[in-house]
Amino acid sequence: TSDPKGGFIGPSNVSVKTVAVALGAKDDTPVILTGYIVASLGDEAYKFKDDTGEVIVEIDDRDWNGVEATPETKVVLEGEVDSSWSYTQIDVDSVKLAK
């Protein structure tokens, strides 16, 4: 039996960790992306970039968790793929500063 203490801390089964892989992933696939938010596109939409490409990410105001980011701030975004026939973007659940 385990002690019910709180959330999970440790490795995850999330295998989608780059923009290139996320752009080819199915709708609702979990992702953890590390890179840079390089532009605000309005309406909680941002351009996110890593070494493999760029993707539009949607970050609700409440999901910033107090993080302030500039285009030079390396961040880790956790969320899931939101795709339809015409676009793929990432619906972000949390923003953290990269360690």
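As the structure is a computational prediction, the values presented were derived from the model and not from experiment. Numbering of residues begins from 1 in every chain and follows the order in which that chain's sequence is written. Given that the model is predicted, a residue must reach a pLDDT of at least 70 before its local features are reported, and side-chain atom pairs must reach 80 or more before they are shown or counted; all residues, however, enter totals for whole chains, interfaces and linings. Side-chain calculation: all heavy atoms of the structure are included, whereas hydrogens and water are not.

(A) Focus on the packing of aromatic side chains. Think of it this way: a Phe, Tyr or Trp ring, Trp meaning its six-membered ring, pairs with another when their centres are within 6.5 Å, and the plane angle makes it stacked under 30 degrees, edge-to-face over 60, tilted otherwise. Under the definition given, this model contains one aromatic pair. Note on Tyr46 and Trp64: the rings are 5.4 Å apart at their centroids and 85° apart in plane angle, and the pair reads as edge-to-face. You can see Tyr46 sitting in strand S2 (residues 45–50) and its partner Trp64 sitting in the loop between strand S3 (53–59) and strand S4 (74–83), a full 18 residues away along the chain. Across the pair, Trp64 and Tyr46 agree in class, each one buried. Numbering goes from the N terminus for both helices and strands, where a helix is a DSSP run of H or I of at least four residues and a strand is a run of E of at least two. Partly exposed describes any residue whose relative accessible area lies between the buried limit of under 20% and the exposed limit of over 50%, with all areas from a 1.4 Å probe on protein chains only and scaled to the type maximum.

(B) Spatial organisation of the pattern of salt bridges. Think of a salt bridge as a Lys or Arg side-chain nitrogen and an Asp or Glu carboxyl oxygen that are within 4 Å of each other. Within the structure shown, the criterion is met by four salt bridges. The partner of Glu54 in a salt bridge is Lys47, and the shortest N-O contact between them spans 3.8 Å. A relative accessible area of 29% places Lys47 in the partly exposed class. One salt bridge connects Arg62 with Asp63, and the closest N-O pair in it is separated by 4.0 Å.

(C) Representation of the sheet that holds S4. Note on pairing: DSSP must find at least two bridges between two strands before they are called paired. Around the barrel, five strands lie side by side as S1-S2-S3-S5-S4; this closed barrel has mixed pairing. Each strand of the sheet is rotated relative to its neighbour by a mean of 55°, with strand direction disregarded. When strand S1 (residues 30–42) meets S4, the two strands line up antiparallel, connected through seven bridges. Across the sheet, Gly35 pairs through a bridge with Val75, a residue of S4. Where helices are involved, their axes are fitted lines through C-alpha atoms of the stretch in contact, as for all axes, and angles between N-to-C directions lie from 0 to 180°.

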